[in-house]
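# Reading the structure
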Amino acid sequence: MTVCYAMPPVRGKLTHGAPLAPLVWFKSGGAAEYLFEPADVDDLATFLYALDPSVPVMGLGLGSNLIVRDGGVPGVVVRLGKAFAKIERRDATTLRCGGGASGILVSSSARDAGIAGLEFMRSIPGTVGGFVRMNGGAYGREVKDVLVEADVVLRSGERRTLALGDLGYTYRHSDLPAGAIVVGATFRGQPGDPSAIQAEMDRIAAAREESQPLRSRTGGSTFKNPEGHKAWQLVDEAGCRGLRKGGAQVSEKHCNFLLNLGDATSADIESLGEEVREKVKANSGVMLEWEIQRVGVAK
Ligand SMILES: Cc1cc2nc3c(=O)[nH]c(=O)nc-3n(C[C@H](O)[C@H](O)[C@H](O)COP(=O)(O)OP(=O)(O)OC[C@H]3O[C@@H](n4cnc5c(N)ncnc54)[C@H](O)[C@@H]3O)c2cc1C
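Given the structure is predicted, the values throughout are model-derived calculations rather than measurements.

Cut-offs applied
- Residues numbered from 1 in each chain as written.
- Predicted model: local features only at pLDDT ≥ 70, side-chain atom pairs only at ≥ 80, totals over all residues.
- Heavy atoms only, no water.
- Pairing = 2+ DSSP bridges.
- Helix = DSSP H or I, 4+ residues; strand = E, 2+ residues; numbered from the N terminus.
- Axes fitted to C-alpha atoms, helices over the stretch in contact; angles between N-to-C directions.
- Contact = heavy atoms within 4.5 Å.
- Buried < 20%, exposed > 50% of the residue type's maximum accessible area, 1.4 Å probe, protein only.
- Domains from an automatic or database assignment.
- Salt bridge = Lys/Arg side-chain N within 4 Å of Asp/Glu carboxyl O.
- Near = heavy atom within 4 Å.
- Polar contact = N/O pair within 3.5 Å; in protein donor to acceptor, adjacent residues only side chain to side chain.
- Areas by Shrake-Rupley, 256 points an atom, 1.4 Å probe, with all protein chains shown as cover.
- Nonpolar A, V, L, I, M, F, W, Y, C, P; charged D, E, K, R; others polar.

## Some points on the sheet that holds strand β3 (residues 57-60)
Taken in spatial order, the 4 strands line up as β1-β2-β5-β3 in an open sheet, and their pairing is mixed. Of all strands in the sheet, those with a lone pairing partner are β1 (13-19) and β3, marking the two edges. Pairwise comparison of adjacent strand axes, ignoring direction, gives a mean angle of 30° for this sheet. When β1 meets strand β2 (residues 31-37), the two strands line up antiparallel, connected through 6 bridges. Within β2, the residue paired with Thr-15 across the bridge is Leu-35. On top of the sheet, helix α1 (residues 41-50) reaches β1, β2, β3 and β5 (73-79); it is set at about 130° to β2, its chief contact.

## Overview of the pairing of strand β13 (residues 181-188)
For a regular strand, side chains alternate in direction, first toward one face of the sheet and then toward the other. Along β13, 7 of the 8 residues are buried, which leaves the element largely enclosed by surrounding structure. Sheet topology note: the strand β7 (residues 94-98)/β13 ladder contains 5 bridges and is antiparallel. Bridge pairing links Thr-94 to Arg-188 in β13. One ladder, built from 6 bridges, connects strand β11 (residues 147-153) with β13; its direction is antiparallel. Paired with Glu-149 across the bridge in β13 is Thr-186.

## Concerning the domain arrangement of the protein
Accessible area lost during the coming together of the parts is what is often quoted as the interface size. Structurally, the protein comprises domain 1 (13-82), domain 2 (84-211) and domain 3 (217-295). The gap between the C-alpha centroids of domain 2 and domain 3 is 27 Å. Contacts between the two partners involve 8 residues from domain 2 and, on the opposite side, 6 residues from domain 3. Where Glu-291 meets Arg-172, a salt bridge forms, and the shortest distance between an N and an O atom there is 3.7 Å. Among the elements that line the side of domain 2 that touches domain 3, the one with the most residues is helix α5 (residues 194-211), at 3 residues.

## Here's the deal with the site of the ligand
The full set close to the ligand counts 36 residues, and Gly-59, Gly-61, Thr-127, Gly-137 and Arg-208 are the nearest of them. One nitrogen or oxygen atom from the side chain of Arg-172 is found 3.2 Å from an oxygen atom belonging to the ligand. Contact distances for the ligand include 2.6 Å between an oxygen atom and a side-chain N or O atom of Arg-208. Calculation on the ligand without its partners gives an accessible area of 960 Å², and the protein chains cover 97% of this total. For the shell around the ligand, the elements supplying multiple residues, two or more each, are β3, α3 (128-134), β9 (137-138), β13 and β15 (217-221). For the shell around the ligand, the element with the most residues is α3, which contributes 5 residues. Among the residues making up the shell around the ligand, the classes are represented as 17 nonpolar, 16 polar and 3 charged.

Printed below as a string of structure tokens:
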């Protein structure tokens, strides 16, 4: 990758040519042209304001819903560290959560505060930034059911609070503006008993363990469930359970999950996904839509 723009000064950490494979669940793919880990919101806003507007910017959480292509990601990838992982109780039923806080931290903080309704985040291995961007959900609830507002830094460096209605939520989709970074979100639940909340979190964790390959190199659900169908069932009926390409495989345990068996390139994983889409289309007439975000350039 060629460097062709000057980077504004930062207080956090700015790394040129930072490998992204170690930072994403699939453990594959190329480097970020620049990886920026801001010291705080002011650092992020000042940087984006001064950055050449032609430079693309992308947020990165735990990389649990991402294929980073093998040629890497041009521009700046922003990753939020500890300074963005704080959680504060606002009132009896709301929590203000930093954009880098994990789903486990949000759900256990809600339990400690006696706030029910956020248990589903226990099972989604991502950050608040990724949840808000993806409208993450599980077990009948999704972010749009609990979000009050999201604090973002726009690509221009402007700080803005977006209300639920500004985010245009549909299934696993938001209208978050391109290049905007979610630095925090306020979620609302309802009063609940901490032991009942813990029991629900345990139930969810056990159900997950039984049905998904949680300790694998994966990206979670690969395809969105089409209206009236389950993606995993369409993949299974098309004969794709266990299908392999290079070092990539359709999971035997949950066939809407793709796996890196160890040495898969992102090209192996993405082309396996495309092959599955074609087979499903031929078998059922349904063209599956990717849920996993595919970013960067091919090698
Ligand atoms: C085992 C497993 C199980 C999963 N189960 C579920 C599930 O039940 N339900 C579900 O909805 N998802 C599930 N997922 C997918 C994934 O966890 C979610 O999509 C999650 O919301 C991604 O969060 P993340 O922070 O890791 O985002 P990433 O994967 O890092 O990024 C996903 C998208 O969000 C953007 N993004 C990330 N952080 C920010 C930010 N701060 N600001 C702006 N944009 C940002 C990225 O640019 C990208 O477009 C699963 C994944 C795995 C591996």
